[in-house]
Every structure is written in C-alpha cells, then in structure tokens.
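# Summary of structural features
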Amino acid sequence: MSWLAALCLLLLHTEAFKVHLFRGDSLTHEKITERAILNVTAQVCRALARAEGKDFTFPRLTAESVAVACEAPKSSKSFLQTIQLIRTKNKRVDLWYFYSPRYHFDNENFSEGRRIITEGLSVIKASNKKNNFEAARDKLGRILHPLQDFYSHSNWVEMGNNLPNSNLIRSNAVIGEIAAKDRATCRNCIGDDCTNNILEDILRDKILTSGYFGLTKPTGKCSHGGKPDLASLFEPKGGINKDNLVASHGHLHMKAANLAIAATSELLEDIRGAAGDRPFLQMMGISKGKALCFVIDTTGSMIDDIAAVRTVTSSIINSKVGTEDEPSVYILVPFNDPEFGPLTRTTDPNVFKNAINSLSATGGGDFPEMALSGLQLALTGAPRNSEIFVFTDAPAKDQHLRSTVIALIEQTKSVVNFMITGILGRRRRRQSGDGQQQQLSSRMLPSNAQLYRDLAQASGGLAIEVSKSELLVATSIITESSSSSLVTILQAARSPGKAENFTFMVDESVRNLTVYIIGTFVTLTVISPSGVSQGSADTTGSLITASQSVGNFKTLKLKTQPGLWEIKMMSTNPYIVKVIGESPIDFLFDFLEVSQGPFGDLDVVDNRPRAGVNGSLIVTVTGSDSTTVTEVILVESSGSREVNGSVEALGGGEFLAKFDRIPAEEFVVLVKGQNSNGSSGVLQRQSPTSIKASNLIVTSPDSNSVLVPGIPLSVPFSVMTSGAGGNFRIQATNDQGFTSSFPSSLLLETGGSANGTVNLTAPSTTLSGTDVTLTIEVEAPGSADNNYVVLRFAVLKTVTDFTQPVCEVLSLQSNCSDICSLSMWELSVQVTDGAEGTGVDRVSLRQGNGTMNISSTTGSENITLVSYSSSCCSPDVELLVVDQVGNVASCFYSVRIAASSSPQSATTNSPQSPAAVVSLSTRAVQSIVLCFSITILGLSLTF
C-alpha cells in the first residue's frame with residue numbers, strides 16, 4: 001500500500017487516539033509503537049469484516065477493545081503479550097546500542113540507518129511467509145526504533161514535512177539530499193532557546209541533517225543535545241532532538257511523535273500487504289483460540305496411542321471449528337529413534353487431520369526415543385503460553401536436553417502434559433535385523449518416567465500415566481484444555497505427600513471450575529464457600545457434579561460458587577493438585593532488572609531472576625479494565641513458604657511488585673486482585689510455570705539476528721556469577737540441528753565474569769524465513785546452579801530484488817448504465833516482476849467484490865494475467881500484488897457512470913508505481929486528490 005493510502009487509513013479514525021496523544025505527556029517509543037499497532041490491527045479487522053459483509057464499529061484503542069472488535073476476545077492476552085514483546089525489543093535498542101549512531105540516525109548516518117530498517121523488513125517478510133511469527137515480532141521491535149528516531153533526531157520536521165518519509169522503508173529509493181560532511185548545518189542556541197539554531201539555507205534547500213552525539217563533531221554540525229551529549233557543549237552549542245517535551249527542540253516533539261506513529265503504521269501496512277490480512281493478525285497474536293500442539297512417539301508400539309490422538313483430534317476440530325475456541329494454529333511433531341520432526345504447523349484443520357492420519361507406528365530400534373528433541377522443536381515452534389501434549393510409551397534417549405527443555409519452558413511459559421502409556425507394563429515389538437519381529441520387554445521404570453514428571457511439574461502440566469486401553473478416556477483433558485480462556489487458580493505439588501489444606505478464591509467471572517489430581521491412593525475433601533463439604537469418593541454430594549478416574553489421573557468438576565474454597569488433601573503418597581476454570585481475566589508477568597544501558601533503566605529479564613536479592617515484577621491484567629491487583633506472592637512450588645511483594649499501580653492495567661528477596665527455591669507467581677465494577681469477591685490467579693532463581697547471569701547482546709546460509713555467525717555471550725568461581729560448563733543447542741561450535745567451559749573467579757562465543761552455521765540449502773532457536777546454558781561447578789539465554793535467529797538469503805511488481809492494463813471494458821445492477825465491467829491486467837525480479841508470489845483483492853481469475857505464464861518475464869469482472873454497482877477494484885521477497889504493489893482501477901453513459905472500453909497502461917491508478921473518469925482522480933487534501937488538513941491540524 002502506498003504512503004498515501006496508508007495515511008488515509010490512519011486518519012479515518014484519528015479521534016480514537018487524539019485523546020491519548022495530546023494530554024501533555026511526552027510520547028516514548030513504547031507508546032508510539034503501541035498506538036500504531038492497535039490502529040493498524042483495527043484497520044485490518046475492519047477490512048476483513050467489510051469483506052464478509054459485516055458491520056464494524058471502530059473500537060477504543062486498547063488491546064482488549066481491539067481484540068473484541070476483531071471477534072477474537074479470548075486473544076486479548078496473546079495480543080497484549082505481542083505488543084509488550086515488540087515494545088521491549090524496541091526499547092532495548094537504546095539499552096544495547098545507545099552509542100551506535102546508525103541505530104538512531106545520529107551523526108547524519110542516514111544510509112546505515114535506512115539499511116537497518118530495510119534489511120530487517122526483509123527478515124520480517126521472509127519469517128511471516130513461513131509462519132515464523134515469533135522471529136518476525138522480534139525483528140519488528142528492533143527496526144521500529146531507528147524508524148521512529150528519524151523524526152525526532154533529524155530535521156525532517158523542521159523542514160516543514162507533514163508526511164512520513166516513505167523511502168525509509170524502500171532500499172532502492174532516495175531518502176533526500178543529505179548534508180555534505182563539510183557543510184555547516186547549525187548555529188549556537190541563544191541561551192536555552194534552540195528553536196532557530198538550524199541554518200536557514202539547510203531548511204530552504206531541504207537538506208537532511210541530524211544531530212551529532214558523543215564527544216566530538218565536525219565543525220558547524222548540529223548536536224543531538226541534552227545532558228548525555230557532551231558534543232552539544234561545543235560550538236555550535238545546543239541540539240535539535242525532539243525526544244521529549246523538554247528536549248532541545250521539544251516544541252516539535254508532538255509533531256515528530258505523530259509522524260513516527262504514521263511512519264510506524266506505514267511500515268506495518270507494508271508488512272500486512274506482504275503477509276496478507278489473516279497472517280498479519282497471527283503475527284500480532286490475534287486469533288480465535290489457542291494452539292493445539294501434539295508431540296507423538298511413532299515407534300512400533302504406539303499404534304493404539306496414535307489412534308487415540310486421531311479420535312481426540314477429530315473431536316476437537318469438529319466441536320471447535322467455527323467457534324471462538326477454534327485453534328489458532330495446529331502443530332504436530334513426530335519422533336522416534338533416531339529421527340524427530342519435521343514440525344508441521346498449519347491453520348487448516350484438514351491439513352492437520354491429514355498429517356495425524358498419515359502417521360504410522362513402525363520401527364523403534366532400542367527402547368529409548370528422541371522425546372526431548374521432539375519437545376524442544378515443539379516449544380520453539382509453538383506460540384508462547386501454548387499447551388503441549390506429548391504421547392509416548394518409552395523413556396527419553398536424549399536426556400542431555402533436560403535443562404534445555406526446562407529453559408524453553410520457562411522462557412515461553414508453555415505448559416507441557418505427558419500422556420505416558422509405558423509405565424504399566426506390556427510388550428513392545430520392533431524389527432530385527434533380518435526383518436523378523438522380536439518381543440522386547442518395555443516396562444517403563446519409575447525412574448525413567450520421573451523425567452517426564454519433573455518436566456510436567458516445571459511447566460505446570462501433568463504427567464498422566466495410563467494403560468493403552470485407558471488412553472482415550474484420559475485424553476478428555478485435551479478437549480478441556482483447548483479452551484482459550486482457561487486459567488490456573490491453584491497448583492501445588494507434594495513429594496513426599498502429606499496431609500495439607502489448600503485454600504483458593506473463586507471470583508464471579510470463573511466458569512467450569514475443575515480440580516485435577518495426579519497421584520495414586522489420594523483422597524481429598526472439598527469445602528465450598530458456604531461450608532458444604534464432599535469427599536472425592538462420595539458420588540451423592542452436591543458439590544462435585546462429575547468425576548473421572550483413570551490411571552494416576554482424577555478429575556473433579558465442581559459446582560462453581562464465588563468465594564473462598566478449601567481442599568483437604570489426605571495422602572502420604574506424592575501428589576499434584578491443580579484447580580482450573582474458564583475466565584476472561586488473567587495476567588502476564590515479567591521480572592525486571594537494572595539494565596546494562598547507560599541510564600540504569602529497568603529491563604525485562606529473559607531468563608532466571610537473581611536469587612537471594614531484592615527484585616521487581618511487572619504484572620499486567622488481561623481481559624478486564626476494572627481489576628486492581630492487591631497482592632503478588634512468590635509461593636514455593638513444592639512447599640508452603642511465601643514471599644509477599646509491595647504492589648504499586650502504574651496505570652493501563654500494569655502493576656509493579658517489589659520483593660525484599662527472590663527465593664532460591666522453585667516458586668510460582670500468585671496474583672490476587674479485586675474487581676472495581678461492583679462485583680464481590682477476591683480474584684486469584686497463579687502462573688502454571690515454576691521459576692528457578694539463579695546466582696548466574698547469562699547475557700547476549702541484541703546483535704545481528706540474521707543467519708546467511710553457509711556463512712558462520714558469531715554469537716557472543718557473557719557469564720557472571722555472584723557466587724564461588726571455578727570451571728563453568730557450557731552447552732549450546734539449537735532446534736534445527738545446525739552446525740555449531742562453542743567452548744565447553746569458562747573459568748570464572750569468585751564473583752567474576754567471562755565471555756564466550758557460539759559460532760552457528762545454517763546449511764547453504766536452508767530456506768529464507770527458517771527460524772532457529774539457540775539455547776546457551778551455563779552450569780556452575782558441581783551442578784549447583786545454572787542459567788541460560790535463549791536467542792532466535794532468522795535465516796535470510798541475500799535479497800537483491802527491491803522493486804515492486806508492475807501492473808499493466810491490457811483492457812478495461814464496461815457497459816455501465818444508470819441502472820448499475822443491469823450492467824457489468826471487465827478488467828484485464830498483466831502483472832510482472834521484471835526480468836531481474838524474484839517473480840509474482842500472490843495477487844489478491846484488497847478492494848472489490850467481483851470475480852477475479854489468475855493465470856500465469858512461464859518464461860523469463862514470469863507474467864501473471866489477472867481478469868476481473870464486476871457489476872457496475874461496484875466500480876472500484878484494488879489489486880494487491882506481492883513478489884517472492886515481499887515487495888508489495890497496490891494497483892487501483894475504477895469505472896464511473898456518466899449522467900448520459902454509453903458503453904466504454906479502454907486499453908490503458910498503468911503507471912509503474914507502488915500505487916498504480918487507472919480511471920475512465922476524472923471523478924476517480926478527484927477522489928484521490930480529496931483523500932490527499934484530507935490528509936494534509938488532518939496533519940496540519942494535528943500538528
């Protein structure tokens with residue numbers, strides 16, 4: 001889409017965000033990013049609604065309201081999490097690259113700054129094409145920072161520009177005439193007044209310049225300005241930055257910020273055009289339901305298990321498709337020995353059904369299988385906060401990946417459930433070397449099953465151990481867990497077991513209250529808020545509406561009542577008790593630490609928080625604008641010890657909790673709150689994932705996240721310990737099996753640090769858009785402590801095609817009359833990507849409800865022919881054309897009905913531009929001019 005169309009879309013509903021923009025506060029990168037994402041996402045949902053003939057009311061620009069308007073209210077949590085991730089990556093550019101001019105368009109570094117944006121844009125488009133949305137989000141945050149800085153650090157605003165510089169996102173276009181290195185650009189500010197310090201000839205001649213930041217600058221050049229910029233103390237003194245309202249050019253801050261919002265929206269529109277509307281929404285975390293993810297052992301003894309998976313898959317698809325719980329994505333990872341994968345990821349339920357149906361149980365070799373390798377692939381390929389189900393009847397052969405899997409569980413906050421059918425003992429077959437089947441004893445020993453129990457407990461999942469014949473009954477948990485509004489209210493594990501009473505609060509928003517119990521010979525009593533009690537073995541009481549017991553797994557469905565509940569556990573055997581329900585209200589959380597940036601800002605902790613010291617936690621309420629967090633508690637996972645935090649409201653549903661110490665034991669986060677909408681009762685939610693603090697700090701700078709096939713990429717990392725020194729073991733693994741090298745250990749002194757490097761190489765045949773996750777783990781001497789850093793990289797072959805496809809009209813015919821319903825018009829268009837282009841990938845309708853047919857020709861020109869016919873009542877059509885690397889062209893055509901019309905025909909060549917326009921009447925051209933006038937007026941009023 002052209003900048004003009006993008007800006008027109010952006011300004012259609014400016015009233016929705018003017019309230020937020022003009023309240024006297026400076027706009028940070030985070031605010032600018034969030035406002036643009038919310039606006040463009042709402043625009044996409046409006047376009048989809050109109051294409052389906054539905055009404056669309058433009059929402060208030062909050063994650064909750066936009067998700068509701070997009071008919072995906074249950075995705076407000078994932079949408080908000082996506083926004084937060086992109087905001088965090090944006091902010092980290094300042095933390096990691098504060099003194100790098102090219103990341104901020106400082107020091108007149110325009111070419112390098114633009115290269116960061118355009119190369120990053122290529123990565124985003126390639127990742128989206130392969131549905132690797134996590135990598136796309138990661139890169140998006142990184143390139144938005146320099147894009148937004150252009151408007152606050154350069155003189156684009158001072159030159160009188162009221163529209164974004166669209167050529168910043170195009171590699172083959174001129175972004176403007178840049179000041180020569182020896183050309184003076186500024187004069188001294190007069191005292192604290194820098195409003196007129198840019199030289200008149202620079203502004204008159206439209207010469208681009210930006211402030212120099214650091215210790216020195218060339219003679220006569222502008223400075224960035226502000227206390228950190230020492231160069232601003234030297235002539236010409238002062239600066240030109242517009243970062244906030246009190247900056248050197250703070251009087252232009254709001255105008256620069258609004259241009260940054262418009263430019264961010266324009267870039268998002270370009271990404272949308274390349275990906276398509278629905279994939280764009282997936283990238284943003286907007287979808288109806290949660291992911292359905294299966295990791296399945298396919299060795300010879302798994303015939304019955306695979307049959308059970310087929311049955312439950314069909315049940316979920318048949319019952320959920322078309323509802324608000326329809327899975328957003330289906331993921332399948334098979335494994336056996338020695339193979340695992342490939343990962344199948346699709347949004348088409350029939351494709352997923354076919355993938356499940358094509359599984360066959362064969363072979364197996366020796367007993368253990370590649371279970372953790374398959375799980376690792378699923379954890380890196382599934383969205384964050386997914387629920388993953390692993391089916392197996394054998395122990396893991398790759399137990400060395402245990403800490404890697406736990407790291408990925410903690411980093412993604414995904415829940416992993418194991419459906420184990422090997423613990424009860426039976427026979428297993430495999431092929432012998434001569435093709436004869438042999439009987440093997442395959443009883444999974446308790447010690448082998450313990451690994452799966454540990455991983456399940458760490459994630460907040462369950463390790464369900466049943467016989468083959470009981471598996472289908474046990475898989476009922478999958479149907480229940482497929483609800484995208486499932487929340488955890490309480491979860492506790494005791495090993496060894498002991499008699500203990502657990503209390504939990506149920507608020508009025510909770511439905512389908514259910515208790516899960518894992519353990520054998522476990523009895524319990526449930527006591528409702530009204531004082532009514534019922535034992536788990538009592539089938540005649542009024543509290544437990546349904547119960548089921550299979551293997552070591554028991555479920556109790558409770559009559560939902562708001563208030564304080566109690567569960568009395570009476571068992572000396574190990575057990576896990578988990579209380580879940582359905583509710584739109586949940587929370588997100590991240591630990592914070594003082595960053596390594598120059599100002600000591602707080603940054604999100606991507607791995608384990610530091611143990612034994614004070615710490616902070618930011619909590620964001622999702623699904624409610626009226627919930628206030630009153631308590632945040634760190635609760636020991638396998639015990640009852642707690643650490644309470646002091647809570648401070650930050651606004652916008654965010655709360656900061658501060659703790660005197662972070663416990664050394666594994667713990668979960670428990671949040672309590674109160675609704676302010678008049679409803680009674682305290683709200684309680686718990687994080688399923690257990691968290692382990694550490695005395696190790698492992699970091700890797702947000703550096704180049706792109707792998708070029710066949711070329712090694714050096715990934716630096718650093719390790720620091722607050723404990724004893726010694727040799728610290730290093731392990732680096734990646735989910736794609738790419739070749740890597742790294743030091744096996746690093747020597748650290750007590751309280752010291754050391755640096756290392758991982759060299760990672762993607763095979764030369766790797767496709768662009770492939771996503772690889774690298775996990776670097778560090779273990780202290782004696783295995784007393786460990787921590788990790790998880791990094792994502794996108795594979796991208798060098799892009800040389802930066803030219804948009806071209807539309808050329810072959811014919812345009814109409815017999816439009818005053819009665820439009822009785823007449824038709826037809827269009828024939830030739831679309832090419834040029835002899836040097838990568839070829840047309842997709843042609844779709846952005847506007848128009850007629851019939852489109854597409855055919856392609858082979859040869860060096862790679863011509864695509866498009867025919868379109870429509871009733872004259874629908875006189876406009878816009879074709880969206882995307883080439884193989886994501887260059888987007890928007891081609892607009894229109895016919896108009898004259899007062900006294902006669903049949904019309906034309907053969908017209910459209911301009912070779914990103915927004916080619918052909919019209920048979922001047923009225924269509926006037927409509928474009930009108931849009932342009934509105935845009936100018938809107939921006940002039942806004943600024």
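Residues numbered from 1 in each chain as written. Predicted model: local features only at pLDDT ≥ 70, side-chain atom pairs only at ≥ 80, totals over all residues. Heavy atoms only, no water.

Here the focus is the overall build of the protein chain. Along the protein chain, the regular secondary structure elements total 18 helices and 46 strands. Burial analysis of the protein chain (943 residues in total) assigns 58% to the buried set. For the protein chain, the share of sequence-separated contacts (at least 6 apart) that also reach a separation of at least 24 residues comes to 73%. (Helix = DSSP H or I, 4+ residues; strand = E, 2+ residues; numbered from the N terminus. Buried < 20%, exposed > 50% of the residue type's maximum accessible area, 1.4 Å probe, protein only. Contact = heavy atoms within 4.5 Å.)

As a packed pair, helix H5 (residues 76-96) and helix H7 (residues 133-153) sit with axes 8 Å apart at the nearest point and diverge in direction by 45°. Between H5 and H7, the crossing angle belongs to the class labelled oblique. Read as a crossing pair, H5 and H7 show a hand that is right-handed. Across the interface between the two elements, Thr 82, Leu 85, Ile 86, Lys 89, Asn 90, Val 93 and Asp 94 of H5 pack against Glu 134, Arg 137, Asp 138, Leu 140, Gly 141, Arg 142, Leu 144, His 145 and Gln 148 of H7. (Axes fitted to C-alpha atoms, helices over the stretch in contact; angles between N-to-C directions. Parallel < 35°, antiparallel > 145°, perpendicular 65-115°, else oblique. Left-handed = near helix turned anticlockwise from the far one by under 90°.)

Taken over all residues, the pLDDT of the protein chain has a mean of 86, while the share at 70 or more is 87%. Per-element confidence in the protein chain is highest for strand S2 (residues 207-208), whose mean pLDDT is 98, and lowest for helix H18 (residues 922-942), whose mean pLDDT is 27. Note that pLDDT drops below 50 for residues 424-443; the model gives that stretch 46 contacts with residues more than four away or on any other chain. Taken together, the stretch residues 899-943 has pLDDT below 50 and engages in 80 contacts with residues farther than four places along the chain or on a different chain. (pLDDT = per-residue confidence, 0-100.)

Attention now moves to the pairing of strand S13 (residues 511-518). Working note: regular strand, side chains alternate between the two faces of the sheet. Summarising burial for S13: six of the eight residues are buried, a large majority. By the bridge criterion, six bridges tie S13 to strand S19 (residues 575-582) in an arrangement that is antiparallel. Residue Tyr 516 lies in a different strand from S19, and its bridge partner there is Lys 578. Taken together, the five bridges between S13 and strand S17 (residues 553-558) define a ladder with antiparallel strand orientation. Bridging across to S17, Ile 518 finds its partner in Phe 553. (Pairing = 2+ DSSP bridges.)

Applying the stated criterion across every chain yields a total of 40 salt bridges. A salt bridge links Asp 586 to Lys 77, with the shortest nitrogen-to-oxygen separation between them at 2.8 Å. Taken as a pair, Asp 586 in strand S20 (residues 586-594) and Lys 77 in helix H5 lie far apart in primary sequence, 509 residues in all. The residue Asp 138 makes a salt bridge to Arg 142 at a minimum N-O spacing of 2.6 Å. Of this pair, Asp 138 and Arg 142 both sit in helix H7, four residues apart, roughly one helical turn. When sorted by exposure, Asp 138 lands in the same class as Arg 142, which is buried. In the salt-bridge network here, residues are joined through shared partners; they are Glu 52, Lys 54, Glu 71 and Arg 278. (Salt bridge = Lys/Arg side-chain N within 4 Å of Asp/Glu carboxyl O.)

Turning our eyes to something else, we now look at the sheet that holds strand S12 (residues 500-506). Within a sheet, neighbouring strands are paired by backbone hydrogen bonds and run either parallel or antiparallel to one another. Across the sheet, which stays open at both edges, the four strands sit in the order S12-S18-S14-S15 with antiparallel pairing between neighbours. Every interior strand has two partners, whereas the edge strands, S12 and strand S15 (533-535), have only one. Averaged over all neighbouring strand pairs, the angle between strand axes comes to 20°, with direction disregarded. Here three bridges tie strand S14 (residues 523-527) to S15, and the two strands are oriented antiparallel to one another. Note that in S15 the partner of Val 526 across the bridge is Gln 534.

Next up on the list: the side chain of Thr 392. Structurally, Thr 392 can be placed in strand S6 (residues 387-392). Residues contacting Thr 392, with those up to four places away along its chain left out, are Asp 297, Met 302, Phe 335, Met 419, Ile 420, Thr 421, Gly 422 and Tyr 452.

A few words on the packing of aromatic side chains. Counting across every chain of the model gives 21 aromatic pairs. Summarising the aromatic geometry, the rings of Phe 150 and Trp 156 are spaced 5.8 Å apart at their centres and angled 55° between planes, so their arrangement reads as tilted. In terms of burial, Phe 150 and Trp 156 fall into one category: buried. Taking the ring centre of Phe 589 as reference, the NZ or CZ of Lys 413 above it sits at 4.8 Å. (Phe/Tyr/Trp six-rings, centres within 6.5 Å; stacked < 30°, edge-to-face > 60°. Lys NZ or Arg CZ within 6 Å of the ring centre and 35° of its normal.)

This brings us to the sheet that holds strand S11 (residues 486-494). The five strands lie next to each other as S11-S19-S13-S17-S16, forming an open sheet whose pairing is antiparallel. Of all the strands in the sheet, the pair left with one neighbour each is S11 and strand S16 (544-550). The mean angle between the axes of side-by-side strands here comes to 15°, regardless of whether they run parallel or antiparallel. Here eight bridges tie S11 to S19, and the two strands are oriented antiparallel to one another. Bridging from a neighbouring strand, Ala 493 pairs with Ile 576 of S19.

Attention shifts here to unusual backbone geometry. In this model, Glu 235 is joined to Pro 236 through a cis peptide bond whose omega is -10°. Tracing the backbone shows Pro 236 in the loop between S2 and helix H9 (253-275). Between Asp 337 and the following residue, Pro 338, the backbone shows a cis peptide bond with an omega angle of 15°. Secondary-structure assignment places Pro 338 in the loop between strand S4 (330-335) and strand S5 (344-346). Backbone geometry places Glu 108, a non-glycine residue, at a positive phi of 55°. Mapped onto the elements, Glu 108 comes out in the loop between H5 and helix H6 (110-129). Note on Glu 108: relative accessible area 6%, which makes it buried. Positive phi, close to 60°, is recorded for Asn 131, a residue that is not glycine.

Before going further, it helps to examine the pairing of strand S27 (residues 667-675). Of all nine residues that make up S27, seven are buried, and the element is covered over most of its length. Where S27 meets strand S28 (residues 682-686), five bridges bridge the pair, whose relative direction is antiparallel. When the sheet's bridge partners are listed, Lys 672 is paired in S28 with Gln 684.

With 23 residues, H9 should reach 33 Å at 1.5 Å per residue; the first-to-last C-alpha distance of 33 Å fits that figure. By the criterion of burial, H9 is predominantly enclosed, with 23 of the 23 residues buried. (Expected span 1.5 Å × (residues − 1).)

Per the counting criterion, the structure on display carries six disulfides. Here Cys 189 connects covalently by a disulfide to Cys 194, the sulfurs 2.0 Å from one another. Of note, the bridge from Cys 189 to Cys 194 carries an S-S torsion of about 110° and is right-handed in sense. Accessibility classification places Cys 189 together with Cys 194 in one group, the buried group. Two residues share a disulfide in this structure: Cys 820 and Cys 873, whose sulfurs sit 2.0 Å from each other. (Disulfide = S-S within 2.5 Å.)

Since the α-helix turns once every 3.6 residues, residues separated by three or four places project in the same direction. Spanning 21 residues, H5 covers 30 Å between terminal C-alpha atoms, matching the ideal 30 Å at 1.5 Å per step. The buried fraction of H5 amounts to 16 of the 21 residues, a majority that puts the element mostly inside the structure.

Ranked by size, the top nonpolar core spans 61 residues in total, and within it Phe 79, Leu 140, Tyr 151, Leu 267, Phe 280, Met 283 and Met 284 carry the most contacts. Looking at this core, the elements with two or more residues in it are helix H3 (29-51), helix H4 (63-69), H5, H6, H7, H9 and helix H10 (277-283). Among the nonpolar cores identified, the runner-up in size contains 34 residues, and Met 302, Ala 361, Met 419 and Ile 580 belong to it. (Core = buried A, V, L, I, M, F, W, Y, C linked by side-chain atoms within 4.5 Å.)

Let us look at the environment of Asn 107. Tracing the chain through its elements places Asn 107 in the loop between H5 and H6. C-alpha of Asn 107 to C-alpha of Gly 211: the two residues are 104 residues apart in sequence and 5.7 Å apart in space. Excluding residues within four positions of it along the chain, Asn 107 makes contact with Pro 101, Lys 181, Ser 210, Gly 211, Tyr 212 and Phe 213.

Our focus in this paragraph is the packing of helix H11 (residues 303-320) against helix H12 (residues 349-357). Axis separation between H11 and H12 bottoms out at 10 Å; the angle between their running directions is 170°. Here H11 lies roughly antiparallel to H12, going by the angle between them. Together, Val 309, Arg 310, Thr 313, Ser 314, Ile 317 and Asn 318 of H11 and Pro 349, Phe 352, Lys 353, Ile 356 and Asn 357 of H12 make up the contact between the two elements.

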